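The lines below spell out each chain.
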Amino acid sequence: MSEKLAARDRMIVALDLPSVDAAEAMIAKLGDSASFYKIGYQLAYAGGLPMVRRLADAGKKVFVDLKLHDIGNTVARGVESLSALGATFLTVHAYPQTMKAAVAARGDSGLKILAVTVLTSYDDADLQEAGYRLGVRELVEQRAHQAQDIGIDGLVCSPEEAAHLRGIVGPSIALVTPGIRPAGAAVGDQKRIMTPARAIMAGADYLVVGRPIVEAADPKAAADAIVQEIATATV
Ligand code: C5P
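- In the annotation of an unreviewed UniProt entry, the entry for the protein chain reads Orotidine 5'-phosphate decarboxylase, and the organism field reads Rhodopseudomonas rhenobacensis.
- According to its UniProt record, the protein chain has this under Subunit (unreviewed entry): "Homodimer."
- Check the Pathway (unreviewed entry) section of the UniProt entry for the protein chain; it says "Pyrimidine metabolism; UMP biosynthesis via de novo pathway; UMP from orotate: step 2/2."

Dropping the structure here:
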């Protein structure tokens, strides 16, 4: 990625919370310590989508993680609606039709389309069961090439895949990595994790961090420590 980003703007806090009230309380607690938030299924389907506009109006960036995949026309109309809300990132599954429709519909609105190559909960056996011939590594590579050819703005990947994908797609595509755990933090259900500093050194542009912040006793202090670690890794 060519843009030079401040450390704080590379941390995306996943608002994996059950209600708008809980999310608003977390945003208030974090204050200026966070500038970028992710709204996924849980909050979006609990009435959280109008928060995209409110956060954007308050100068924050919003990653809408709804992983769209449908016929091209439906994807395009959804992308148009989300770009009108002021979202910065939106995920789609990395199917060529879906990616083409999303990139065409985002136009020059400022919304960036991120592709999810293969869900990190899938292994080779899951892909085979779902009817795929390729294993995870081959399918991730094929879809990364397709995403780049189509003009996708970024890829979501595990930090372990970041260096390999950077080698495939080059510097201009943003790599966004969940699975971040500061040293000593609870791992939870994540399998392939890295510390913030190591993920940045592996080539990640943005780090998505949920539970290490939103479940911390002091979320603001947890966020500040992660930003500090990102800053240290980028000098
Ligand atoms: O709490 P934690 O830091 O594990 O949250 C990570 C966030 O990133 C969650 O919102 C999760 O849905 C999302 N995510 C992920 N792995 C992916 C894609 C998204 O953990 N492959």
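What follows continues from the structure just given.
**Comments concerning the packing of helix 2 (residues 41-48) against helix 3 (residues 50-57)**
Part 1 of the reasoning: Their axes nearest at 8 Å, the elements helix 2 and helix 3 cross at an angle of 100 degrees. Considering the angle they form, helix 2 stands roughly perpendicular to helix 3. Seen from helix 2, the contacting residues are L43, G47 and G48; seen from helix 3, they are P50, M51 and V52.
Part 2 of the reasoning: When the residues that make up the contact of helix 2 with helix 3 are grouped by side-chain class, the tally is 4 nonpolar, 2 polar and no charged.

**Describing the packing of aromatic side chains**
Part 1 of the reasoning: Here the structure, examined in full by the defined rule, presents 5 aromatic pairs.
Part 2 of the reasoning: A centroid spacing of 5.2 Å and a plane angle of 40 degrees characterise the contact between F36 and F89, whose relative ring orientation is tilted. Taken as a pair, F36 in strand 2 (residues 36-39) and F89 in strand 4 (residues 89-93) lie far apart in primary sequence, 53 residues in all.
Part 3 of the reasoning: Between the aromatic rings of F36 and Y206, the centroid separation amounts to 5.8 Å while the plane-to-plane angle is 80 degrees, which identifies the pairing as edge-to-face. Here F36 is found in strand 2, whereas its partner Y206 is found in strand 8 (residues 206-209), with 170 residues between them in sequence.
Part 4 of the reasoning: Judged by its relative accessible area of 1%, F36 is buried.
Part 5 of the reasoning: These aromatic residues form a ring-pair network of at least three members: F36, F63, F89 and Y206.
Part 6 of the reasoning: When the ring centre of F63 is taken as reference, the NZ or CZ atom of K38 above it lies at 5.8 Å.
Part 7 of the reasoning: The cationic tip of R143 hangs over the ring face of Y95; the distance from NZ or CZ to the ring centre is 4.5 Å.

**Remarks on the pairing of strand 5 (residues 112-116)**
Part 1 of the reasoning: In terms of burial, strand 5 is a largely internal element, 4 of the 5 residues being buried.
Part 2 of the reasoning: Of the crossover connections in this fold, the one passing from strand 4 over helix 5 (residues 96-106) to the parallel strand 5 is right-handed.
Part 3 of the reasoning: With 3 bridges joining them, strand 5 and strand 6 (residues 154-156) adopt parallel strand pairing. Pairing of L114 across the sheet is with G154, part of strand 6.

**Here's the deal with the packing of helix 5 against helix 7 (residues 136-150)**
Part 1 of the reasoning: Two numbers describe how helix 5 lies on helix 7: the axes approach to 10 Å, and their chain directions differ by 25 degrees. By the angle between their directions, the pair helix 5 and helix 7 is classed as roughly parallel. Considering how the two elements wind past one another, helix 5 and helix 7 form a crossing that is right-handed. Contacts between helix 5 and helix 7 involve P96, M99, K100 and V103 from the former and R143, Q146, A147 and I150 from the latter.
Part 2 of the reasoning: When grouped by side-chain class, the residues that make up the contact of helix 5 with helix 7 number 5 nonpolar, 1 polar and 2 charged.

**Quick look at the site of the ligand**
Part 1 of the reasoning: In the vicinity of the ligand, the contacting residues are A14, D16, K38, T120, P178, R181, Q190, V208, V209, G210, R211 and P212.
Part 2 of the reasoning: Between the ligand and K38, the relevant distance is 2.9 Å, taken from an oxygen atom to a side-chain nitrogen or oxygen of the residue.
Part 3 of the reasoning: Separating a nitrogen atom of the ligand from a side-chain N or O atom of T120 is a distance of 2.8 Å.
Part 4 of the reasoning: Among the secondary structure elements, those contributing two or more residues to the shell around the ligand are strand 8 and helix 10 (211-214).
Part 5 of the reasoning: Broken down by class, the residue content of the shell around the ligand amounts to 5 nonpolar, 3 polar and 4 charged.

**Remarks on the sheet that holds strand 3 (residues 61-68)**
Part 1 of the reasoning: The strand order around the closed barrel formed by 8 strands is 1-2-3-4-5-6-7-8, and the pairing between neighbours is parallel. With direction set aside, neighbouring strand axes in the sheet form an average angle of 25 degrees.
Part 2 of the reasoning: Taken together, the 2 bridges between strand 1 (residues 11-14) and strand 2 define a ladder with parallel strand orientation. Among the inter-strand pairings, V13 is bridged to a residue of strand 2, identified as Y37.
Part 3 of the reasoning: Lying over the sheet, helix 5 contacts strand 3, strand 4 and strand 5, oriented at roughly 155 degrees with respect to strand 4.

About the cut-offs
- The residue numbering used here restarts from 1 in each chain and proceeds along that chain's sequence as written.
- Only residues with pLDDT of at least 70 get local features here, since the model is predicted, and only at 80 or more are side-chain atom pairs given and counted; chain-wide, interface and lining totals rely on the full set of residues.
- The basis for the side-chain values is all heavy atoms of the structure; hydrogens and waters are excluded.
- UniProt positions are given in the numbering used here, feature names are shortened, and annotations may be inferred rather than shown by experiment.
- An axis is simply a line fitted to the C-alpha atoms; with a helix, the fit covers only the stretch in contact. Between two such axes, the angle follows the N-to-C directions and lies from 0 to 180 degrees.
- By definition, any uninterrupted DSSP run of H or I lasting at least four residues is a helix, any uninterrupted run of E lasting at least two residues is a strand, and each is numbered from the N terminus.
- Roughly parallel here means an angle under 35 degrees, roughly antiparallel means over 145, roughly perpendicular means 65 to 115, and every remaining angle is called oblique.
- Contacts are residue-level and defined by heavy atoms, with any inter-residue pair within 4.5 Å sufficient.
- Note on residue categories: nonpolar means Ala, Val, Leu, Ile, Met, Phe, Trp, Tyr, Cys or Pro, charged means Asp, Glu, Lys or Arg, and polar means any other residue, Gly included.
- We call Phe, Tyr and Trp rings a pair once their centres come within 6.5 Å, taking the six-membered ring for Trp, and we label the pair stacked below 30 degrees between planes, edge-to-face above 60, and tilted otherwise.
- Type-normalised accessible area, obtained with a 1.4 Å probe on protein chains alone, sets the label of each residue: buried when under 20%, exposed when over 50%, and partly exposed for intermediate values.
- Placement of a positive charge over a ring is assigned whenever Lys NZ or Arg CZ falls within 6 Å of the ring centre and within 35 degrees of the normal to the ring plane.
- By the criterion used throughout, a crossover qualifies as right-handed when its path from the first strand across the helix to the second strand runs clockwise, the strands pointing away from the viewer.
- Between any two strands, at least two bridges found by DSSP are needed for them to pair.
- Note on convention: near helix rotated counterclockwise from far helix by under a right angle means a left-handed crossing. Clockwise means right-handed.
- We call a residue near a molecule or strand when any one of its heavy atoms sits within 4 Å of it.
- Here a polar contact means two N or O atoms within 3.5 Å. Within protein one must be a hydrogen donor candidate and the other an acceptor candidate, and residues neighboring in sequence count only if both atoms are side-chain atoms.

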